[in-house]
Protein chains: 2
Amino acid sequence: MAEKPTLTLDQLLCFSVYSTGHAFNRIYKPLLDEVGLTYPQYLVMVVLWQEDRQTVRGIGSKLFLESNTLTPLIKRLEVAGLLTRERDREDERQVRVVLTEQGRALQQKAADVPDCVFEACGMKLDELVDLTRKLTTLRNALEKSAQ
Amino acid sequence: MAEKPTLTLDQLLCFSVYSTGHAFNRIYKPLLDEVGLTYPQYLVMVVLWQEDRQTVRGIGSKLFLESNTLTPLIKRLEVAGLLTRERDREDERQVRVVLTEQGRALQQKAADVPDCVFEACGMKLDELVDLTRKLTTLRNALEKSAQ
DNA sequence: TGATATTTAATCGTGCACGATTTAAATTAA
DNA sequence: TTAATTTAAATCGTGCACGATTAAATATCA
């Protein structure tokens, strides 16, 4: 059998995704430091700003994360005074995450973050939209393949 | 001033990157379990298979990681018997990472991993190459913007 | 040369991710 | 209605990432 040529990093789609994720983090870090959030915490807040009173599982299904990751993260947001956690009366297994006034107010403080990040991308908006769409399709294919 | 419409996750390029990264990890996990590596460890091995005896800094510059991440990771690979670490004679500040026979042999054991991952992507090769190139461009723009 | 600055790894603390397990509540089946 | 199963959140252990700091070696310069 023929030898495969040695693989290089830049041939790996996964590495371009992995390293771009880190690069995004480095852009977000100083911006989110201003509002006192980490990047995963920011994502949880984005999900809650869109719809309040979601369950841990509901938030997780949007972020592709589970309670083992979310529970400690959400507890930190609770300690920060941005939300409260309450058991669902209808189904006591579920915990509903509820924004505080402070948590809602943070949306305005963080309103400029997306524009700053867009700026750093150095891409035209339509290129960016196209790339987002392609990646979402890829992600869905990968998630499906992993069952 | 006009209110901005509430942001949704799927409008965020960063989230498509972030969640696709996780999805890749879920694909890689069972494949890399077979060869006893984590995904970041696999990347270090890819870098070393391409060129042996690199310094920690050299490896880091390719992976966009620093010694605070790499040193413990590389030590785990050393414990696993895949490499050794030795101080550079010329410059004692530097540590050279050297593959063992076992470390080199692992390249063959992991040879099928990229094909399996490609399969899971459900994309044509030229689409994948194009996406990789666009992400690499984006990453470089972000890294530049972050200084 | 000798003092200062820079560079390289390593260390430490915090916060994700995630597999595996546990606990409690709700659902389904017997 | 009780027993078995499923579901939701939480807990625990391990391994990244990364900011901040430290220690040692090298480079620069007065």
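Source: prediction; values computed, not measured.

Undergrad: What is the right way to read the protein's contact with DNA strand C from this model?
TA: Surrounding DNA strand C, one finds 27 residues, the nearest of these being Arg76 of chain A together with Tyr18, Thr71, Lys75 and Arg85 of chain B. Near the protein, within 4 Å, the atoms of DNA strand C are sugar or phosphate in 73% of cases. Separating a phosphate oxygen of DNA strand C from a side-chain N or O atom of Thr71 of chain B is a distance of 2.7 Å. Among the elements of the structure, α2 (39-50) and α4 (67-79) of chain A together with α1 (13-35), α3 (56-63), α4 (67-79) and β2 (83-87) of chain B are those that each provide at least two residues to the surface near DNA strand C. Of the residues that constitute the surface near DNA strand C, the class distribution is six nonpolar, 10 polar and 11 charged.

Undergrad: Can you walk me through the domain arrangement of chain A in this structure?
TA: Residue and element names in this part refer to chain A. Considered domain by domain, chain A is made up of domain 1 (14-109) and domain 2 (112-147). Here the C-alpha centre of domain 2 lies 19 Å away from the C-alpha centre of domain 1. Each partner contributes residues to the interface: domain 1 has eight residues there, and domain 2 has nine residues. Summed over both sides, the interface of domain 1 with domain 2 buries roughly 740 Å², with 82% coming from carbon and sulfur. Three residues stand out in domain 1 for area buried against domain 2, namely Ile27, Leu31 and Phe64, and they jointly supply 53% of the buried area on that side. The tally of links from domain 1 across to domain 2 stands at zero residue pairs in polar contact (both at pLDDT 80 or more). Broken down by element, the residue count for the side of domain 1 that touches domain 2 peaks at six residues, all from helix α1 (residues 13-35). The class makeup of the residues in the side of domain 1 that touches domain 2 is eight nonpolar, no polar and no charged.

Undergrad: Before we go on, may I ask you to explain the sheet that holds strand β3 (residues 95-99) of chain B in this structure?
TA: Across a sheet, strands are paired by hydrogen bonds formed along the backbone, either parallel or antiparallel in direction. Residues and elements named next belong to chain B. With antiparallel pairing, the three strands of this open sheet are ordered in space as β1-β3-β2. Only two strands of the sheet have a single neighbouring strand rather than two, namely β1 (54-55) and β2. Bridge analysis of β2 against β3 gives five bridges, and the strand direction is antiparallel. Note that in β3 the partner of Arg87 across the bridge is Val95.

About the thresholds
- The numbering scheme is per chain: residues are counted from 1 as the chain's sequence reads.
- Following the order in which they are written, the chains are lettered starting with A and the ligands numbered starting with 1.
- In view of the model being predicted, local features appear only for residues whose pLDDT reaches at least 70, and side-chain atom pairs are presented and counted only at 80 or more, with totals across whole chains, interfaces and linings using the full set of residues.
- The basis for every side-chain value is the complete set of heavy atoms in the structure, and neither hydrogens nor water enter the calculation.
- Whether a residue is near a molecule or strand is decided by its heavy atoms; if any one of them lies within 4 Å of it, the residue is near.
- Identification of polar contacts relies on pairs of N or O atoms within 3.5 Å, with a donor-acceptor requirement for protein atoms, meaning one able to donate a hydrogen and the other able to accept it, and with residues adjacent in sequence counted only if both atoms are side-chain atoms.
- Segments assigned H or I by DSSP are reported as helices when at least four residues long, segments assigned E as strands when at least two residues long, and all are numbered from the N terminus.
- Each residue receives one of three labels: charged for Asp, Glu, Lys and Arg, nonpolar for Ala, Val, Leu, Ile, Met, Phe, Trp, Tyr, Cys and Pro, and polar for the others, Gly being one of them.
- Residue ranges for the domains originate in an automatic or database domain assignment.
- Any pair of residues with heavy atoms lying within 4.5 Å of one another is described as a contacting pair.
- Buried area: the accessible surface (1.4 Å probe) lost by two parts on joining, summed over both.
- Two strands form a pair only when DSSP identifies at least two bridges running between them.

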